[in-house]
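A closer look at the structure
Residue strings, one per chain:
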Amino acid sequence: MTTTTFVSRDEIRHRFSTAMSAMYQSEVPQYEALLELVERVNRETLEKAPALAERFAEAGELKRLGVERHGAIRVGTAEELAMLRRLFAVMGMHPVGYYDLSEAGVPVHSTAFRPIDDASLARNPFRIFTSLLRLELIESAELRERAAAILVERDIFTRGTRELIALCEERGGLTDEQAERFVKEALETFRWHRDATVDLETYKALHAEHRLIADVVCFRGPHINHLTPRTLDIDDVQRRMPEAGMNPKAIIEGPPRRNCPILLRQTSFKALEERVCFAGDRQGTHTARFGEIEQRGVALTAKGRELYDRLLTASREQIQGLDNAAHQRVLAEVFSDFPDDEVVLRREGLAFFEYRLTAKGREEGAKRGADEGLETLIDQGLISARPITYEDFLPVSAAGIFQSNLGGGHHEIYAGNANRDAFEAALGATVTDELALYAAREKGSIERVHKRLSEREQLKLDG
Ligand code: OOG
Ligand code: NI
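Residues numbered from 1 in each chain as written. Chains lettered and ligands numbered in written order. Predicted model: local features only at pLDDT ≥ 70, side-chain atom pairs only at ≥ 80, totals over all residues. Heavy atoms only, no water.

Observations concerning the site of ligand 1
Residues in contact with ligand 1, as listed here, are His-70, Ala-72, Arg-74, Phe-129, Asn-225, His-226, Gln-266, Glu-292, Phe-393, Ala-398 and Phe-402. Take His-226: an N or O atom from its side chain is 2.9 Å from an oxygen atom of ligand 1. At a separation of 2.6 Å, an oxygen atom of ligand 1 approaches a polar side-chain atom of Gln-266. A total of 320 Å² of accessible area belongs to ligand 1 in isolation, and the protein chains cover 100% of it. Taken atom by atom, the bulk of ligand 1 overlaps the largest cavity. Put simply, the parts of the chain that give the shell around ligand 1 at least two residues each are strand E1 (69-75) and helix H18 (395-406). Ranked by residue count, the leading element in the shell around ligand 1 is E1, at three residues. (Near = heavy atom within 4 Å. Polar contact = N/O pair within 3.5 Å; in protein donor to acceptor, adjacent residues only side chain to side chain. Areas by Shrake-Rupley, 256 points an atom, 1.4 Å probe, with all protein chains shown as cover. 1 Å grid on protein atoms, 1.4 Å probe; cavity = no way out; pocket = protein on both sides within 12 Å on 5 of 7 lines; lining within 4 Å. Sits in = over half its atoms within 2 Å of the grid points. Helix = DSSP H or I, 4+ residues; strand = E, 2+ residues; numbered from the N terminus.)

A few points about empty space enclosed by the protein
Taking a probe equal in size to a water molecule and rolling it over the atoms shows the remaining empty space. Tallied over the full model, the rule gives one cavity of 30 Å³ or more. In terms of lining residues, the largest cavity is bounded by 16 residues, among which Ala-72, Phe-129, His-226, Ala-398 and Ile-401 are the most central. Broken down by secondary-structure element, the contributors of at least two residues to the lining of the largest cavity are E1, strand E4 (127-133) and H18. With four residues, E1 is the largest single contributor of residues to the lining of the largest cavity. Of the residues that constitute the lining of the largest cavity, the class distribution is nine nonpolar, five polar and two charged. (Points joined across faces, edges and corners; volume = space filled by probe spheres on them. Nonpolar A, V, L, I, M, F, W, Y, C, P; charged D, E, K, R; others polar.)

Description of the side chain of His-14
Residue position: His-14 is located in helix H1 (residues 9-27). Here His-14 is in contact with Val-67, Arg-123 and Asn-124, once residues within four sequence places are set aside. (Contact = heavy atoms within 4.5 Å.)

Quick look at the structure:
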């Protein structure tokens, strides 16, 4: 009997994310320039801050930094979303979080497909922010029906992709050769198509309702609309974008610059106007694809997140219409109410941390009780706490990114339409709660520390 060796899902994801990045670099040359800039800024930042470099290396984050990125796509039907869930599962990516963008005037709701366990995140945390168009929010019944009719006609997956997904589900994995084919076939779904599936009039009608609707409905597939490398200094990249030939969006989304970065800060370069050939051989353009960068900080607990949301809301009126420098100044002021010290963040239960034994803890942990409280053990230098990186997204920031690239048209009629049940029904699965994942990671690390300390204690007693 021959045994089949499967390639790990982490490896398939790594290959896919590499292939996707190469494809996007050739499709959108400015993205290549952005990657170079981010790499340069990251290198300079690490050189200037050896302590940061050491910390990153220790946390295993340095290794993943060079391969880390997220992308975004938008789909039109439940069937497409459900199939994507199965496609991403082949690569160990699962739906985490529910994001309601209707609140911000964008007729979609979303999730992020991403790896979940620590080892997979450390290998390659590739994430895809995936939005489902909500045709039900379009007011005109005629337009709604027209869009739906166009969408049922298309199949965004190649036959090979469908076959390999089924094979993987049946056998529990893919061989090396199958994985190679899978990456190649699956990539086709995300490729840019210069030919629209509709005529120029239809495009214009959908575009007049919302540019996003035209973007989803009029093409053969959900072209990847941006890829986002992770930077260690987003302010520096924002500043240097123009000299590298990019036109940055006006402001950096998310929290202000801090000593202890929290959650996620994001900015992008503006979408490009691209030539499109419409049915009936009419030429036109479409503006959708851009490049983005992100800087990640510590994941916040429910309590920390509440404070973040409250301060962000409080700043909203004051930051209206400001340029980035003034915007950041106001934000920094408002966020002075958010503790910017790791110890305080931890003690006040505002952020998630991972605990581990220190060298001292490993050697002499046994003398002190394993039952001591965490704070005592930290004070005694037996264990250390490290911030857990936020791996997810922020709805207000996401809306800002959407809007800066889709025109800022306000569509308040969409607001207040969160519908997680409908999203999960379309997806064919429930989305994992991101806070539960961070909480489990923190709790697991505490249990491991206590277990190791008591094992040592037992060893000493026995000895
Ligand atoms: C997604 C925008 C959201 C992010 O990083 O928050 C996003 C889109 O434009 O499709 O990617
Ligand atoms: Ni993004």
